[in-house]
Amino acid sequence: TQADMNLKSQELYELWDEVLNNLWGKLEKKLSEEDFSKLQDEQRTWIAEKEKSVEEAGKDVEGGSLDLMVVNMEAARITEERVYELYELFE
């Protein structure tokens, strides 16, 4: 059902967000204070861009039964991409 898809899309986003937060903690320990400070600034920009993209994604179906799923899937996609970007900092 749509309700199930909405729930699963939320769970997917939460999973990627948890991975991102765990990775963030490891980066804080790995990077120099200066590099981590730069990364924090970059992260603030990324968060603002993510929020804008998520909001835009939902506008096409705003108020419809697909709204929550579309928003969650966009948030999950963007967060997954960020996880892979940050993971490269370990190489």
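Structure: above.
These remarks concern the structure in this document. Note that the structure is predicted; figures quoted are calculated from it, not measured.

### A word on the nonpolar core
- Ranked by size, the top nonpolar core spans 16 residues in total, and within it Leu27, Leu39 and Leu86 carry the most contacts.
- Listed by contribution, the elements that provide at least two residues to this core are helix 1 (2-30), helix 2 (33-59) and helix 3 (67-87).
- If one sorts the elements of this core by residue count, helix 1 sits on top with six residues.
- When sequence neighbours within four positions are dropped, the list of residues in contact with leucine 27 reads Phe36, Leu39, Leu86, Leu89 and Phe90.

### Observations concerning helix 2
- Along its 27 residues, helix 2 runs 39 Å from first to last C-alpha, staying within 8% of the 39 Å computed at 1.5 Å per residue.
- Looking at helix 2, one finds that the buried residues are Phe36, Leu39, Gln43, Trp46, Lys50, Val54, Ala57 and Gly58.
- Those residues of helix 2 that are buried lie in contact with helix 1 and helix 3.

### Description of a nonpolar patch on the surface
- Where nonpolar side chains cluster on the molecular surface, the patch consists of Leu12, Leu15, Val19 and Met73 and spans about 300 Å² of accessible area.
- It is helix 1 that contributes the most residues to the nonpolar patch, three residues altogether.
- Within the fold, methionine 73 resides in helix 3.

### Side note on the environment of tyrosine 87
- Residue position: tyrosine 87 is located in helix 3.
- Taking the relative accessible area as the measure of exposure, tyrosine 87 reaches 48% and is therefore partly exposed.
- Along the sequence, tyrosine 87 and asparagine 22 sit 65 residues apart, while their C-alpha atoms lie 11 Å from each other.

The rules behind the values
Residues numbered from 1 in each chain as written. Predicted model: local features only at pLDDT ≥ 70, side-chain atom pairs only at ≥ 80, totals over all residues. Heavy atoms only, no water. Core = buried A, V, L, I, M, F, W, Y, C linked by side-chain atoms within 4.5 Å. Buried < 20%, exposed > 50% of the residue type's maximum accessible area, 1.4 Å probe, protein only. Helix = DSSP H or I, 4+ residues; strand = E, 2+ residues; numbered from the N terminus. Contact = heavy atoms within 4.5 Å. Expected span 1.5 Å × (residues − 1). Patch = residues over 30% accessible without salt bridge, like charges linked within 9 Å, V, L, I, M, F, W, Y side chains within 5 Å. Areas by Shrake-Rupley, 256 points an atom, 1.4 Å probe, with all protein chains shown as cover. Salt bridge = Lys/Arg side-chain N within 4 Å of Asp/Glu carboxyl O.

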